[in-house]
Amino acid sequence: LKQPNTSITQQCSKCRELPAAGSKLLSCGGCRSTHYCSSVCQERDWAEHKPICKEFGAAHARGLAQRAKDFASGTSSRKGLKRDQAAAKNWFDTAPGLSDRVQFLAWKHRAKSPFIMVKTPNTRVDSDPIVVMCPRTQWEDATRRRQDDIDVQMAARAYIDAKDFSADDSFIVYLVVESTVSGTEYGEMCNLKFGTFMPMVHSSVLRSMAAGDFAAEMMRVRSLDAKAVYVRLIGLVAAAHLNGREGVLKGQDPNHSERCTVSLQGGREIAVKPQNYELVKRPKLFKDQF
């Protein structure tokens with residue numbers, strides 16, 4: 001399975017397509033926060049966008065004003081926003097397993113009209129994000145009166161209540177970076193498309209498997225031979241710290257006929273005796289495997 005095209009790069013608000021290579025999306029002149037691939041899509045979306053354009057513009061202005069307060073004198077909050085936006089999107093697109101984890105939660109709970117909140121302390125490679133499914137009953141909570149909460153509600157409604165939004169095709173992500181390159185907080189809500197593999201996931205997997213385990217298994221599926229024999233190391237004495245580690249059985253070790261080579265995740269290989277590994281049955285994920 002190929003890695004799905006679920007980039008958080010801005011898409012056209014009408015047709016949901018990414019901009020052509022070398023091209024940029026057009027911004028709505030009113031709110032500056034809604035984007036289109038062409039004037040045709042912008043015109044087609046105007047009837048639906050018009051009622052919320054003013055509110056979106058006000059929210060965008062509040063965000064810039066807050067960032068201006070956080071920036072040092074003489075620096076540009078707009079340039080900083082673009083830099084932070086690019087860093088946040090690159091992190092989301094490249095974080096190992098994150099896209100599969102987010103899609104799993106969005107697909108599993110799509111009947112609840114959720115958005116998936118991804119909150120990370122920073123955009124470093126080793127950052128450990130919090131990924132939470134927020135159903136509509138939660139994000140529509142009328143007791144949430146902070147302006148930030150109201151802006152999030154407004155954006156979520158705009159996406160999910162749009163006439164062309166389908167929970168079987170798209171999902172909403174709210175990405176929050178607590179400390180950006182500029183030292184300020186960054187937040188953005190996006191409408192992304194599900195990978196083509198999600199409808200093929202068996203219902204029992206959605207019920208029984210955790211999102212993190214699903215993401216880890218998808219990474220194995222993509223990176224290893226589908227016919228690989230998986231094993232778990234056991235009973236090691238000199239290398240006891242490796243007991244419990246899983247890997248792929250590569251065959252007889254060329255230097256020791258009584259040992260077999262096991263390739264561990266990360267590329268390390270170890271030669272072990274047959275009594276020091278046990279077969280591991282990989283879980284089934286897709287409907288055609290049942």
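Participant: For this particular structure, what's the right way to read the packing of helix H3 (residues 98-108) against helix H7 (residues 211-223)?
Facilitator: When two helices pack together, you describe them by how their axes are tilted relative to each other and by the distance separating the axes. As a packed pair, H3 and H7 sit with axes 8 Å apart at the nearest point and diverge in direction by 130°. By the angle between their axes, H3 is oblique relative to H7. The handedness of the crossing between H3 and H7 is right-handed. Contact residues: Asp 100, Arg 101, Phe 104 and Leu 105 in H3; Ala 211, Gly 212, Phe 214, Ala 215, Met 218 and Arg 222 in H7. Across the contact of H3 with H7, the residue classes tally to six nonpolar, one polar and three charged.

Participant: Sorry, what's going on with the pattern of salt bridges here?
Facilitator: One side chain can pair with another of opposite charge once the charged atoms of both are near each other. Counting across every chain of the model gives 18 salt bridges. Of the charged contacts, one joins Asp 148 and Arg 146 as a salt bridge, the two residues approaching to 3.4 Å between their closest N and O atoms. Note that Asp 149 is salt-bridged to Arg 146, the shortest N-O span being 3.4 Å. One network of salt bridges, with partners in common, ties together Glu 217, Arg 220, Arg 232, Glu 246, Glu 278 and Arg 282.

Participant: How should I be thinking about the sheet that holds strand S7 (residues 230-233) in this particular structure?
Facilitator: Backbone-to-backbone hydrogen bonds pair the strands of a sheet. The strands run either parallel or antiparallel. Reading across the sheet, the five strands line up as S10-S9-S8-S7-S11 and stay open at both edges, with antiparallel pairing between neighbours. Looking at strand neighbours, the two that pair on one side only are strand S10 (269-272) and strand S11 (277-279), the edges of this open sheet. In this sheet, adjacent strand axes meet at a mean angle of 45° when their direction is disregarded. Relative to strand S9 (residues 256-264), strand S8 (residues 246-253) runs antiparallel, the two being bridged by six bridges. Considered in S9, the bridge of Gly 251 is made with Thr 261.

Participant: In this structure, what is going on with the nonpolar core? I would like to understand it.
Facilitator: Soluble, globular proteins show a tendency: their nonpolar side chains are buried together. Counting residues in hydrophobic clusters, the biggest one holds 35 residues, and the most contacted among them are Phe 92, Leu 98, Val 102, Val 118 and Phe 214. Sorting the residues of this core by element identifies helix H2 (77-94), H3, strand S3 (115-120), strand S4 (130-134), strand S5 (170-177), strand S6 (186-193), helix H6 (203-208) and H7 as the ones contributing at least two each. Broken down by element, this core gets its largest block of residues, six residues, from H3. Judged by nonpolar contacts, the second largest core, of 13 residues, contains Phe 115, Cys 134, Ala 155 and Met 189.

Participant: Just to check I follow, could you spell out H3 for this structure?
Facilitator: What sets the pattern is the α-helix's 3.6 residues per turn: residues three or four places apart point alike. For H3, the buried fraction is high: nine of the eleven residues fall into the buried class. Turning to H3, its buried residues are Leu 98, Ser 99, Asp 100, Val 102, Gln 103, Phe 104, Leu 105, Ala 106 and Trp 107.

Rules and cut-offs
Residues numbered from 1 in each chain as written. Predicted model: local features only at pLDDT ≥ 70, side-chain atom pairs only at ≥ 80, totals over all residues. Heavy atoms only, no water. Axes fitted to C-alpha atoms, helices over the stretch in contact; angles between N-to-C directions. Helix = DSSP H or I, 4+ residues; strand = E, 2+ residues; numbered from the N terminus. Parallel < 35°, antiparallel > 145°, perpendicular 65-115°, else oblique. Left-handed = near helix turned anticlockwise from the far one by under 90°. Contact = heavy atoms within 4.5 Å. Nonpolar A, V, L, I, M, F, W, Y, C, P; charged D, E, K, R; others polar. Salt bridge = Lys/Arg side-chain N within 4 Å of Asp/Glu carboxyl O. Pairing = 2+ DSSP bridges. Core = buried A, V, L, I, M, F, W, Y, C linked by side-chain atoms within 4.5 Å. Buried < 20%, exposed > 50% of the residue type's maximum accessible area, 1.4 Å probe, protein only.

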